[in-house]
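# Analysis of the macromolecular model
The chain contents come next:
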Amino acid sequence: FNMYWNHRVVDFSDENDGDPWVEVCEVFYDKNHEPYLYTARGVGVMGEDIEEVKQNLYRMLDCLNKPVLMKADFNQNIKVWMDEDSGQDS
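Keep in mind the model is a prediction, meaning the values are calculated, not measured.

## Notes on the pairing of strand S2 (residues 22-29)
- Of all eight residues making up S2, seven are buried, and the element is well covered by its neighbours.
- Relative to S2, strand S1 (residues 4-11) is paired through eight bridges, and the arrangement is antiparallel. Counterpart to Val 9 in the pairing with S2 is Val 24.
- Pairing of S2 with strand S3 (residues 35-39), which is carried by three bridges, proceeds in the antiparallel orientation. Residue Val 27 lies in a different strand from S3, and its bridge partner there is Tyr 38.
- Where S2 folds back on S3, the antiparallel hairpin that results is connected by five residues, among which His 33 adopts a positive phi of roughly 65°.

Structure representation (structure tokens):
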């Protein structure tokens, strides 16, 4: 199936000694449109050119109008997608 993703705010407070902390992450969804995995940390605003940076920034701004996702919102077989420099879970 085709997995799709978008930017969402994810709550990382449990990793911040309980102090409030949220980050904009890429969140991927399963075939039932349930949040399935997310980037291990927030993502930066980047792209191949100014237009792509602008599109990413608009997508990030748009995600601020959606509910903040908690770890409990991810389905039971939660997997955290790690970025390349932190090693891969296998």
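## Topic: the confidence of the model for the protein
- Of all residues in the protein, 79% attain a pLDDT of 70 or more, and the chain-wide mean is 84.
- Taken element by element, the protein is modelled with least confidence in strand S4 (residues 79-81), mean pLDDT 57, and with most confidence in helix H1 (residues 50-63), mean pLDDT 97.

## Describing the nonpolar core
- Core analysis: the biggest nonpolar cluster contains eight residues, these being Val 10, Phe 12, Cys 25, Val 27, Tyr 29, Tyr 38, Leu 69 and Phe 74.
- At three residues, the largest contribution of residues to this core is made by S2.
- Contacts of Cys 25, omitting those with residues within four sequence positions, involve Asn 6, His 7, Arg 8, Val 10, Phe 12, Thr 39, Arg 41, Gly 42 and Val 43.

About the thresholds
Every residue gets a number counted from 1 within its own chain, in the order that chain's sequence is written. Per-residue local features are limited, in this predicted model, to residues with pLDDT of at least 70; the limit for side-chain atom pairs, both in listing and counting, is 80 or more; totals at the level of whole chains, interfaces and linings are taken over all residues. Hydrogens and waters are ignored; side-chain quantities use all the structure's heavy atoms. When a residue's accessible area, from a 1.4 Å probe over protein chains only, is under 20% of the maximum for its type it is buried; when over 50% it is exposed; and in between it is partly exposed. A run of H or I in DSSP becomes a helix once it reaches four residues, and a run of E becomes a strand once it reaches two; helices and strands are each numbered from the N terminus. Pairing between two strands requires that DSSP report at least two bridges joining them. In predicted models, pLDDT denotes the confidence assigned by the predictor to each residue on a 0 to 100 scale. Residues enter a nonpolar core if they are buried and are Ala, Val, Leu, Ile, Met, Phe, Trp, Tyr or Cys, with the set joined through side-chain atoms within 4.5 Å. By definition in these notes, contact holds between two residues if any of their heavy atoms fall within 4.5 Å.

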